[in-house]
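# Structural features, examined
Residue strings, one per chain:
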Amino acid sequence: MKIALYLGSFNPFHNGHLEVVKTALNDFKMNKVIIVPTMQNPWKKEKVLDINKRVNIIWEYIKELPINLYEKVYRDLIETKLIPPYYSYATLHALKNKYCNDEIFVLCGEDTMKDI
């Protein structure tokens, strides 16, 4: 199964994030997109909204997708179980056992790509 892990602050989730989800499912034929909001990006100084508020905002957007896409979007709150700082490599390490039998792709925002 082709799974895209979409890591980010999503502070807040917006139409650009939704377009990434739709592109992953439609153009790149991912079987699933799993949204993984970070507790706090260690590189960003601004405080993020509470994770539950961010998840609620995410699902307000996701529920507007057509059912064939909606049913392929999931969330994983793995970082709520991790110890800060919340670096992406630690999050991915924690997720690797969960999805070890799948073909994994990582999605991230433009701001992260610029830093990389």
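From a predicted model like this one, the values you see are computed outputs, not experimental measurements. (Residues numbered from 1 in each chain as written. Predicted model: local features only at pLDDT ≥ 70, side-chain atom pairs only at ≥ 80, totals over all residues. Heavy atoms only, no water.)

All right, on to helix α1 (residues 15-26) then. Over its 12 residues, α1 runs 16 Å from end to end, which matches the ideal 16 Å to within 8%, given 1.5 Å per residue. Every buried residue of α1 is listed here: His 17, Leu 18, Val 21, Ala 24 and Leu 25. Relative to the axis of α1, the buried residues are bounded by an arc of 125° and lie together on one face. Along its buried surface, α1 packs onto β1 (2-8), β2 (32-37), α2 (51-62), α3 (67-70), β3 (73-75) and β4 (103-107). (Helix = DSSP H or I, 4+ residues; strand = E, 2+ residues; numbered from the N terminus. Expected span 1.5 Å × (residues − 1). Buried < 20%, exposed > 50% of the residue type's maximum accessible area, 1.4 Å probe, protein only. Arc of directions from axis to C-beta. Contact = heavy atoms within 4.5 Å.)

Turning our attention to the nonpolar core. The biggest cluster of nonpolar side chains holds 17 residues, and the ones touching the most others in it are Phe 13, Val 21, Val 33, Ile 35 and Ile 62. If one sorts the elements of this core by residue count, α1 sits on top with 4 residues. If near-sequence neighbours (up to four positions away) are discounted, Phe 13 is found in contact with Leu 18, Val 21, Ile 35, Ile 57, Ile 58, Tyr 61 and Ile 62. Counting residues in hydrophobic clusters, the runner-up holds 8 residues, among them Leu 7, Ile 34, Val 36 and Ile 78. (Core = buried A, V, L, I, M, F, W, Y, C linked by side-chain atoms within 4.5 Å.)

Glancing now at the sheet that holds β3. The 4 strands are arranged β3-β2-β1-β4 in an open sheet whose pairing can be described as parallel. Both edges of this open sheet fall to β3 and β4, since each of them pairs with a single strand only. In this sheet, adjacent strand axes meet at a mean angle of 25° when their direction is disregarded. Strand direction decides the pairing type here: β2 and β3, joined by 3 bridges, are parallel. The partner of Val 33 across the bridge, within β3, is Val 73. Against the sheet, helix α4 (residues 88-96) makes contact with β1, β2 and β4, and its axis sits at roughly 145° relative to β1, the strand it touches most. (Pairing = 2+ DSSP bridges. Axes fitted to C-alpha atoms, helices over the stretch in contact; angles between N-to-C directions.)

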